[in-house]
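Residues per chain, in single letters:
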Amino acid sequence: MPQAYRARILCFDPNAEPSQSARLEEDGLLVIGANEEGRQVVQMVGDYNSLANSFEEFKARHPDIKVQHLPDRIIAPGFVDTHVHYPQTDVIGSPAEGLLPWLENYTFPEEKKFVDKEYCASVATFFIAELLRNGVTTALTFATSHVASVDALFAEAQKNSLRLITGKCMQDRNSPDGVRDETEQSLIDTELLMHKWHGVDRLGYAFTPRFAPSCSDAQLRGLGELAAKYPDVWIQSHVAENVEEISWALSLFPQARSYLQIYDDFGLMRQRSVYAHCIHLDATDRTLMQSTGAAASVCPTSNLFLGSGFFDYRAADDAGMQYALASDVGGGTSFSPFHTMLAAYYVGRSGGRATVKTALLDSYQGGQPRLGISLSPQDLWWQHTAGAAKALGLDGVIGNLAVGCEADFVILNPQATPLLARRTARAESLDELLFAMIVLGDDRLIEKTVISQQLVA
Ligand code: GUN
Ligand code: ZN
């Protein structure tokens, strides 16, 4: 049965600059109904009065339509998390000196537990509920190296009609017993899982080399062959997150010009490849990102928490490379897209200095200071919705409220807390309103998450 909402509606103009792309219909109409393939999509969206005539015609054809009037709510596209680890839900907030000890002391011991099917299912259930509670309706997600972890997450996502992309984590070396996989079997399992799940309902498969240091040449070569054979399957990995990690990667692949180059050498950079972090890249790397169509997942809460460094927005824009936001839970500290957007704003202000140390040197030892940028709230929001969809190759499918887009959205209550209510009431422009929600928002701002018209959270 089609449904209509009369409310304030936030959407994005795909042809505008991200910083100027948001549109807010103060008295908007959103009509959802099945398309020819039976998928629930946006049938009509825009100003209520301008659409009045077409809406009357629509109602005449669909007399059973339900109309909800929510004048003080904002309907916005569901958020897209381009990099998150479901098996790390229970190690969120675990402190460590940096990435490598964090992996060794918290992450790998936790991921070992995913050998148990029941454990996988229980974490998958919690994880998906938590995404939805926070308004996330699409995620590109790491599983563990265990086949059962992939099956459990896909099954739970399917149950909730969630658009979810995941894959078996590949790590046949430099990984402890219990998470290390075996080269040949890992490639067989990957191809089997891909056939089983890719394209089923709203699910997609991602070839998932954990990171170059954990993968042998043979494993990366095998994945590169699969990536060439199945060009619409995603690829996800990590790169250039942490300085110790980078020197380790280069010592393992001494022929590579840079850490990023390792992936390109194995045919793992192309459209639909998504590399988390991309902090310590150089100009040649950024050009490679741009020319291959790969996208960076920017993980600001994780990078701040683990002291990894700051994504350089200005350099990324200069190179024309694609990027989008991500929580990176459990290195990241929150499932909330509002927290991620706010952290991205702080990172932008840092000016992309490689580390806290270089930022201090710049400031205090006469180095050339690099100017930070003040990312606009429209840009931040775009990076977590329409821009993130674009980075995943799913623009026009998700991440926006435009005719034909899948009907995943959130209903925001700007009165959710006393301070939100006061501050949003005083907002005098769209930028002020969006900023108030980014700065003050969390899961309380998400009143409802709607997926294909199912009320799921
Ligand atoms: N590099 C390799 N594995 C991981 C991981 O699980 N989290 C983060 N942040 N970086 C990684
Ligand atoms: Zn990660």
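Reading the values: the criteria
Numbering of residues starts from 1 in each chain and follows the order in which that chain's sequence is written. A letter from A marks each chain and a number from 1 marks each ligand, given out in the order of writing. Totals for whole chains, interfaces and linings use every residue, but because this is a predicted model, local features are given only for residues with pLDDT of at least 70 and side-chain atom pairs only at 80 or more, for both listing and counting. The side-chain figures draw on all heavy atoms in the structure; neither hydrogens nor water molecules are used. Going along the chain from the N terminus, every DSSP run of H or I of four or more residues is numbered as a helix, and every run of E of two or more is numbered as a strand. Buried means the residue's accessible area, taken with a 1.4 Å probe over protein chains only, is under 20% of the maximum for its type, while exposed means over 50%, and partly exposed covers the values in between. Every residue pair with non-hydrogen atoms within 4.5 Å of one another is taken to be in contact. Distances up to 2.8 Å from the metal define which N, O and S atoms are donors, and 3.2 Å serves for Na, K and Ca; water is absent from the atom set, so sites may look incomplete. Here a site with four donors is tetrahedral if all angles are between 85 and 135 degrees, and a site with four or six donors is square planar or octahedral if opposite donors are over 155 degrees apart and the other angles are between 65 and 115; anything else gets the irregular label. As used in this record, nonpolar core signifies buried Ala, Val, Leu, Ile, Met, Phe, Trp, Tyr and Cys residues forming a set joined through side-chain atoms within 4.5 Å. Pairing of aromatic rings covers Phe, Tyr and Trp, the last counted by its six-membered ring, and requires centre-to-centre distances within 6.5 Å; plane angles under 30 degrees mean stacked, over 60 mean edge-to-face, and any other angle means tilted. Whether a charge lies above a ring is judged from NZ of Lys or CZ of Arg, which has to be within 6 Å of the ring centre and within 35 degrees of the ring normal. The cutoff for a nearby residue is simple: one of its non-hydrogen atoms must lie within 4 Å of the molecule or strand. Only the protein chains shown count as covering a residue, and every accessible area follows the Shrake-Rupley method with a 1.4 Å probe. Under the scheme applied, nonpolar residues are Ala, Val, Leu, Ile, Met, Phe, Trp, Tyr, Cys and Pro; charged residues are Asp, Glu, Lys and Arg; polar residues are all the others, including Gly. Geometry is summarised by axes, namely lines fitted to C-alpha atoms with helices restricted to the contacting stretch, and by angles between N-to-C directions that run from 0 to 180 degrees. To sort the angles, those under 35 degrees are grouped as roughly parallel, those over 145 as roughly antiparallel, those from 65 to 115 as roughly perpendicular, and the leftovers as oblique. Whether a crossing is left-handed or right-handed is set by the direction in which the near helix is turned from the far one by less than a right angle, anticlockwise for left-handed and clockwise for right-handed.

**Quick notes on the environment of Leu304**
For step 1, the next point in the chain: Along the chain, Leu304 falls in helix 10 (residues 300-305).
For step 2, the next point in the chain: For Leu304, a relative accessible area of 39% gives the class partly exposed.
For step 3, the next point in the chain: Ignoring any residue separated from it by four or fewer positions in sequence, one finds Leu304 in contact with Phe310, Ala343 and Val347.

**Observations regarding the coordination of the zinc ion (ligand 2)**
For step 1, the next point in the chain: For the zinc ion (ligand 2), the full set of protein donor atoms is His83 (NE2), His85 (NE2), His238 (NE2) and Asp328 (OD), at a range of 1.9 to 2.4 Å.
For step 2, the next point in the chain: Taken together, the four donor atoms coordinating the zinc ion (ligand 2) span angles of 90 to 166° at the metal, a pattern that classifies the geometry as irregular.
For step 3, the next point in the chain: All donors of the zinc ion (ligand 2) belong to a single chain; written as a sequence motif, their spacing is H-x1-H-x152-H-x89-D. With His83 in strand 5 (residues 79-85) and His238 in strand 10 (residues 234-239), this residue pair connects regions lying 155 residues apart in the sequence. Considered together, His83 and His238 belong to a single accessibility category, that of buried residues.

**Notes on the nonpolar core**
For step 1, the next point in the chain: Formed by 104 residues in total, the largest nonpolar core has its most connected members in Tyr86, Phe207, Tyr259, Phe311, Tyr313, Trp381 and Leu412.
For step 2, the next point in the chain: Looking at this core, the element that brings in the most residues is helix 3 (residues 117-133), giving seven residues.
For step 3, the next point in the chain: The next biggest cluster of nonpolar side chains, apart from the first, holds 15 residues, and it includes Ala7, Ile9, Cys405 and Ala407.

**A few points about the packing of aromatic side chains**
For step 1, the next point in the chain: Using the criterion set out here, one finds 20 aromatic pairs in the structure.
For step 2, the next point in the chain: Seen from their ring centres, Tyr86 and Phe127 are 5.8 Å apart, and the 50° between their planes marks the pair as tilted. Linking Tyr86 in the loop between strand 5 and helix 2 (99-112) with Phe127 in helix 3, this pair joins segments that are 41 residues apart in sequence. Grouping residues by exposure puts Tyr86 and Phe127 together as buried.
For step 3, the next point in the chain: Judged by centre distance (5.8 Å) and plane angle (75°), the rings of Phe338 and Trp381 are edge-to-face. With Phe338 in helix 12 (residues 337-350) and Trp381 in helix 14 (residues 377-383), the pair connects residues that are 43 residues apart, well separated along the chain. Here Phe338 and Trp381 have matching classes, each one buried.
For step 4, the next point in the chain: Through a chain of ring-to-ring contacts, the aromatic side chains of Tyr86, Phe114, Tyr119, Phe127 and Phe335 assemble into a single cluster.
For step 5, the next point in the chain: Looking at Arg6, its charged tip hangs above the ring of Tyr48, at a distance of 3.7 Å from the centre.
For step 6, the next point in the chain: The ring centre of Trp234 lies 4.0 Å from the NZ or CZ of Arg272, which sits over that ring.

**Considerations on the site of ligand 1**
For step 1, the next point in the chain: All residues in the neighbourhood of ligand 1 are listed as His85, Gln88, Leu99, Trp102, Leu103, Arg210, Phe211, His238, Glu241, His277 and Asp328.
For step 2, the next point in the chain: Protein chains bury 100% of the 280 Å² of accessible surface belonging to ligand 1 in isolation.
For step 3, the next point in the chain: Broken down by element, the shell around ligand 1 gets its largest block of residues, three residues, from helix 2.
For step 4, the next point in the chain: Class assignment of the residues belonging to the shell around ligand 1 gives a composition of four nonpolar, four polar and three charged.

**Some thoughts on unusual backbone geometry**
For step 1, the next point in the chain: Cis geometry marks the peptide bond from Val329 to Gly330; its omega dihedral reads 5°.
For step 2, the next point in the chain: Counting through the fold element by element, Gly330 comes out in the loop between strand 13 (322-325) and helix 12.
For step 3, the next point in the chain: Of note, the phi angle at Asp201 is positive, near 45°, even though the residue is not glycine.
For step 4, the next point in the chain: Positionally, Asp201 belongs in the loop between helix 5 (183-197) and strand 9 (203-209).

**Structural notes on the packing of helix 16 (residues 418-425) against helix 17 (residues 430-440)**
For step 1, the next point in the chain: Contact pair helix 16 / helix 17: the axes reach a minimum separation of 9 Å and the direction vectors enclose 165°. If you check the angle between helix 16 and helix 17, you find them roughly antiparallel. Along this stretch, helix 16 crosses helix 17, giving a crossing that reads as right-handed. On helix 17, the residues that touch Leu419, Leu420, Arg423 and Thr424 of helix 16 are Glu432, Leu433, Ala436, Met437 and Leu440.
For step 2, the next point in the chain: Looking at the contact of helix 16 with helix 17, its residues break down into six nonpolar, one polar and two charged.

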